[in-house]
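Chain residues, written in single-letter form:
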Amino acid sequence: MEHIRYQQFAPGAENQEKTPGDKPKHSKRGFASMDPEQQRAISREGGRAAHQQGVAHKFTSEEARAAGKKGGEAVSRNREHMAAIGRKGGTNRGKKKNNATPEENTL
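Residues numbered from 1 in each chain as written. Predicted model: local features only at pLDDT ≥ 70, side-chain atom pairs only at ≥ 80, totals over all residues. Heavy atoms only, no water.

1. Here's the deal with the overall build of the chain
Phase 1: Within the chain, the regular secondary structure consists of 5 helices and 0 strands.
Phase 2: Starting at the N terminus, the α and β elements of the chain follow one another as α-α-α-α-α.
Phase 3: A total of 107 residues make up the chain; the buried ones form 4% of that total.
Phase 4: Accessible area of the chain: about 10,400 Å², with a carbon and sulfur share of 54%. (Helix = DSSP H or I, 4+ residues; strand = E, 2+ residues; numbered from the N terminus. Buried < 20%, exposed > 50% of the residue type's maximum accessible area, 1.4 Å probe, protein only. Areas by Shrake-Rupley, 256 points an atom, 1.4 Å probe, with all protein chains shown as cover.)

The structure is reproduced here in structure tokens:
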């Protein structure tokens, strides 16, 4: 066994050609390196556990509305950002209008 370990770390070992399949691109450890379906399954279990313990929170429509309003107010304070959004919307509308057929333009 000692002999095998020594061969792996021998001075000339790193000079050998390695194929791309030899070394993984990222670690196989951790949540982020898992298969997306496996991540969803684990997350689903966590959500179920939270609801069973009574510590999960479900937003009511009123709470969601208030949160959306608060976010919208924060974004709309930045006039430059809002102007950029409007400018982009206007140019996209113009592009759609120019690409439309003559029948669609009369609507």
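Past the structure itself, the notes keep going.
2. A look at helix α2 (residues 36-53)
Phase 1: With 18 residues, α2 should reach 26 Å at 1.5 Å per residue; the first-to-last C-alpha distance of 26 Å fits that figure.
Phase 2: One or two residues past the end of α2 sits glycine 54, with phi positive at roughly 85°. (Expected span 1.5 Å × (residues − 1).)

3. Concerning the pattern of salt bridges
Opposite charge on two side chains allows them to pair when their charged atoms are near.
Phase 1: Within this structure, the stated rule accounts for 3 salt bridges.
Phase 2: What you see here is one network of salt bridges that share partners, running through Glu37, Arg40 and Arg44. (Salt bridge = Lys/Arg side-chain N within 4 Å of Asp/Glu carboxyl O.)

4. Topic: a nonpolar patch on the surface
Phase 1: There is a patch of nonpolar side chains on the surface, built from Val75, Met82 and Ile85 and spanning about 230 Å² of accessible area.
Phase 2: Mapped onto the secondary structure, methionine 82 falls in helix α4 (residues 79-99). (Patch = residues over 30% accessible without salt bridge, like charges linked within 9 Å, V, L, I, M, F, W, Y side chains within 5 Å.)

5. A word on the confidence of the model for the chain
Phase 1: Overall, the prediction assigns the chain a mean pLDDT of 79, with 69% of residues at 70 or greater.
Phase 2: For the chain, helix α1 (residues 2-8) is the element with the lowest average pLDDT, namely 51, and α2 is the one with the highest, namely 94. (pLDDT = per-residue confidence, 0-100.)

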